[in-house]
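# Remarks on the overall topology
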Amino acid sequence: MGSMIHTVDIRDFGSTFGCIGKPRTTIAATCALLIATVVLTPVYLVLSQRQQKVDLRRLASSYQCVHEDGRAETRICLFNDIILHQGRLSYIYSGRVPELPDIMTNWHHDLHLDLVPLAASDLSSDMLSIEVQQYARATLTHRQWHLNYYHSIAESIWDVYNLACMYFQLCNLHTREDIIPMFLDRPGVAGWDARLGVSQGGWRQVLPPAAEALQCFYPKPALWVADPMLHGKVVVIKTAVAGIGPHNRKWPGPPETADRFRSVYQHVDTRITTQYREGLLQCLGVQPAQFNPAGPYKVTIVNREYHAGRHIVNTEDIAREVNAMEQVSNCSVAQLEDLTFKQQMVVYAESQVVIMTHGAALGNVLFMSPGSVALFYNWLKIGGAPHTWVTDVIQDFALPVNFVGLSTKDRRFIYPQKERYVFQPQYGLLPADEKRALLEEGICPSSSQLQGCEDLKMNFAIDWNLLRPALSMAFLDMQERHSHILDGLDNI
C-alpha cells in the first residue's frame, strides 16, 4: 500500500486553537505540543506500521496534560505508549513510580481514569509471550447510559468526536482512519446498565443506530477495555487522549446538580458541534428539507412502543385533527424503534414540525431543518424543568431550530398499562382508593411497591385543546425564529 504525504501549514492549526500570538507562557508551550503532535504523528505512523514486533520491555510511557487548571473534572492529558491487558490499562515506567494525573471520565458518577503504573521489570512472562497489537491513536471516554439512543448520539459519540477534533485535529470525514474510540465503561457499573444487566460490549448488538453513527467518523470498530476481542493480547496505544475538558456536552441533571455542573463546565465550541452535526448528515447522505416559512407544513408525530411507556394512545385522532388545519400539508405518525439511523434522521430532516414527548428520540432534533419547530408535549415531573432535555441540545449544539414546550399536570389523560399491575400479588393488597388512583390517573400507590410502577412507564393521550394553540404558535414561529414554553416557565 502506498503512503500519502501531507503538507501542513502550522499557522492554520495555531490560529484554529488560539495558539498564534500567545505570549511565551505555559499555554503557548501547550499549543506547541498540540501542533507537534498533529504534524509529527502521521510521519511516525508510517514508520510504526512497518514494525512487525514490539519489545514491551523497551516501552517507556509518558504523558503531557494539554489542559490543566488543577481540577480532575476538566483535565485533559495525552498519554504515549500505554498498554491494555486483561481489561487493565497500564503505564509502563522504569525507576521511580510516577505520580499520574487524576482525570475524571464520568462526571455524573464521579468515575476517574483507572491507569495503573507498571514497572517494566514487572511485566509478566505471559505478557511478554503473547500477541502484541498496536493502535496509533485512541480516545479514552466513558459511555454514560450507553444503551440509550439520546445519550449515545448527543453525548457519548460527541465526546469521542470532540476529543479527536480538539486534540488530534481529526474533525472531518476524511482524516479519521488511524484512530480507535476506546470506551472505559465496565459491565454493571452505574445507572441503567447495571439494572438491565446487559454487557457493555458492542453497540452493534444492543444499539445499532449508535454503532452506525460512530462509524461515520471512525470506520475501525470501537473497542472497550474489557472487549473479548482483546483477550489473549497485549494492546499498545501509541497516543491516547483522556479527560472531559473545560467544555462538556451532557444533560446536567436535576436542578440540585445542574447548577454545580454549569459552574464547572463551559458550553461546547459551536464550530465543532456544527461540524459534528453536518458530518453525520453528510455521512448518511441526508439533506434537511427546504421549505416555505409561510407554509403549508409537514407535521410528524413521533410515538413510542406501547410497552416502553409514554406511548401516545390517540395518535390517529390527533393526526386527523392536525391534517384538517389549513396550515398543514400532511401529518403522519412515525415510530422509530425499528428504523435505521438514516431513516430516523430523514423523519426529522423532512419535517417542519415534530411533535414528541420525553424519550431517547429527542436526540434527533440534531437533524431538523433550519427554521423548523420541535414541539415537546410533556406531563412528567422531571427535575422541575421538564423541557431541558430538548432545550439543552438546541442550545449546546446551536441548532437553528425553534422550540415550543407544552406541559400539563392533568392526569385525566394518563393511561396506565393495567396488565403490568393487576396480576401482581401486591396489587390485591392495595386499598380501594389506591387501586382507583392507579387505574384512573396512573398514580402509583404509596402503601406498597408495585414492580414497574413509575411515571416513565405510563402511557397518555394528547389533549387536543392544549395542542391546537401550541401548533398555531409553532406555525407562526417558523416565520420568525422564536421559542415558547406554554406552561408558565420562562421562554428560552
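Residues numbered from 1 in each chain as written. Predicted model: local features only at pLDDT ≥ 70, side-chain atom pairs only at ≥ 80, totals over all residues. Heavy atoms only, no water.

Now for the packing of helix α7 (residues 208-217) against helix α11 (residues 341-349). It is at 8 Å that the axes of α7 and α11 come closest, and there the two elements cross at 85 degrees. For the element pair α7 / α11, the angle class is roughly perpendicular. Taking contact as the criterion, the partners of P209, E212 and A213 in α7 are, on α11, F341, K342 and Q344. (Axes fitted to C-alpha atoms, helices over the stretch in contact; angles between N-to-C directions. Helix = DSSP H or I, 4+ residues; strand = E, 2+ residues; numbered from the N terminus. Parallel < 35°, antiparallel > 145°, perpendicular 65-115°, else oblique. Contact = heavy atoms within 4.5 Å.)

Applying the stated rule across the entire model yields five cavities of 30 Å³ or more. For the largest cavity, the lining is made up of 18 residues, of which T105, D159, I244, N248 and K250 are closest to its centre. Mapped onto the lining of the largest cavity, the elements with two or more residues apiece are β4 (104-106), β7 (131-141) and α4 (149-168). Residue contributions to the lining of the largest cavity peak at four residues, all from α4. Class assignment of the residues belonging to the lining of the largest cavity gives a composition of five nonpolar, ten polar and three charged. Considered as a void within the structure, the second largest cavity measures approximately 70 Å³ in volume. Lining the second largest cavity are I76, N162, L163, M166, Y167, I244, G245, P246, H247, V268 and D269. Of all the elements, α4 adds the most residues to the lining of the second largest cavity, at four residues. (1 Å grid on protein atoms, 1.4 Å probe; cavity = no way out; pocket = protein on both sides within 12 Å on 5 of 7 lines; lining within 4 Å. Points joined across faces, edges and corners; volume = space filled by probe spheres on them. Nonpolar A, V, L, I, M, F, W, Y, C, P; charged D, E, K, R; others polar.)

The tally for this structure, following the rule as stated, stands at 19 aromatic pairs. Taken together, a centroid distance of 6.5 Å and an interplanar angle of 80 degrees make the contact between W107 and Y265 edge-to-face. Residue W107 is found in the loop between β4 and β5 (111-112), and its partner Y265 is found in the loop between α8 (255-264) and α9 (270-284); the two are separated by 158 residues along the sequence. Each member of the pair, W107 together with Y265, is buried. Taking the centre distance of 6.1 Å and the plane angle of 25 degrees together, the rings of Y276 and F397 count as stacked. Placement of the pair is Y276 in helix α9 and F397 in the loop between α12 (388-396) and β15 (402-407), with a sequence separation of 121 residues. (Phe/Tyr/Trp six-rings, centres within 6.5 Å; stacked < 30°, edge-to-face > 60°. Buried < 20%, exposed > 50% of the residue type's maximum accessible area, 1.4 Å probe, protein only.)

Right, let's get into α8. In an α-helix, one turn spans 3.6 residues; hence positions three or four apart end up facing the same way. Among the residues of α8, A258, F261 and V264 are the ones counted as buried. Here the buried residues of α8 occupy an arc of 130 degrees about the axis, which is enough to place them on one side. Residues of α8 that are exposed and point over 90 degrees away from its buried face: E256, D259 and S263. (Arc of directions from axis to C-beta.)

Bringing the environment of S332 into the picture now. Among the secondary structure elements, S332 is positioned in strand β12 (residues 328-335). Taking the relative accessible area as the measure of exposure, S332 reaches 27% and is therefore partly exposed. Sequence-wise, S332 and E316 are 16 residues apart; in three dimensions their C-alpha atoms are separated by 8.7 Å. Residues within four places of S332 in sequence aside, it is in contact with V299, T300 and I301.

So, on to the confidence of the model for the protein chain. In this model, the protein chain carries a mean pLDDT of 83, and residues with pLDDT of at least 70 account for 82%. Here helix α1 (residues 10-16) stands out as the least confident element of the protein chain, with mean pLDDT 37; helix α10 (residues 315-323) is the most confident, with 98. Here residues 488-492 is a poorly scored stretch, pLDDT under 50, and it has twelve contacts once near neighbours within four places are set aside; other chains count. (pLDDT = per-residue confidence, 0-100.)

Turning next to the pattern of salt bridges. Scanning the model with the defined rule gives 17 salt bridges in all. With a shortest N-O distance of 2.9 Å, D185 and R143 are connected by a salt bridge. Placement of the pair is D185 in the loop between β8 (179-183) and α5 (192-196) and R143 in the loop between β7 and α4, with a sequence separation of 42 residues. In terms of burial, D185 and R143 fall into one category: buried. The salt bridge involving R436 is made with E441; its shortest N-O contact spans 3.3 Å. Linked through salt bridges whose partners overlap, the residues forming this network are D55, R57 and R58. (Salt bridge = Lys/Arg side-chain N within 4 Å of Asp/Glu carboxyl O.)

What follows covers the packing of α10 against helix α16 (residues 464-477). Where α10 meets α16, the axes come as close as 11 Å, and the angle between the chain directions of the two elements is 40 degrees. Between α10 and α16, the crossing angle belongs to the class labelled oblique. As α10 runs across α16, the sense of the crossing is right-handed. Contacts from I318, E321 and V322 in α10 reach W464, L467 and L471 in α16. (Left-handed = near helix turned anticlockwise from the far one by under 90°.)

Here we come to the side chain of N314. Summarising the element assignment, N314 is placed in the loop between β11 (297-303) and α10. Only 3.0 Å separates the side chain of N314 from the backbone oxygen of I462, close enough to count as a polar contact. Residue contacts for N314: discarding those within four places in its chain leaves A461 and I462. (Polar contact = N/O pair within 3.5 Å; in protein donor to acceptor, adjacent residues only side chain to side chain.)

Core analysis: the largest hydrophobic core is formed by 68 residues, its most contacted members being I153, Y161, Y276, L280, F341, M356 and F367. With 14 residues, the single largest contributor to this core is α4. Excluding anything up to four places from it in sequence, Y161 contacts C171, F217, Y218, I272, Q275 and Y276. Core analysis: the next-biggest nonpolar cluster, separate from the first, contains 37 residues, F291, Y297, I355 and A474 among them. (Core = buried A, V, L, I, M, F, W, Y, C linked by side-chain atoms within 4.5 Å.)

One can find T105 in strand β4. T105 sits in the buried class, given a relative accessible area of 11%. The residues touching T105, leaving out its near neighbours within four places in the chain, are L111, H112, L113, H142, L184 and I244.

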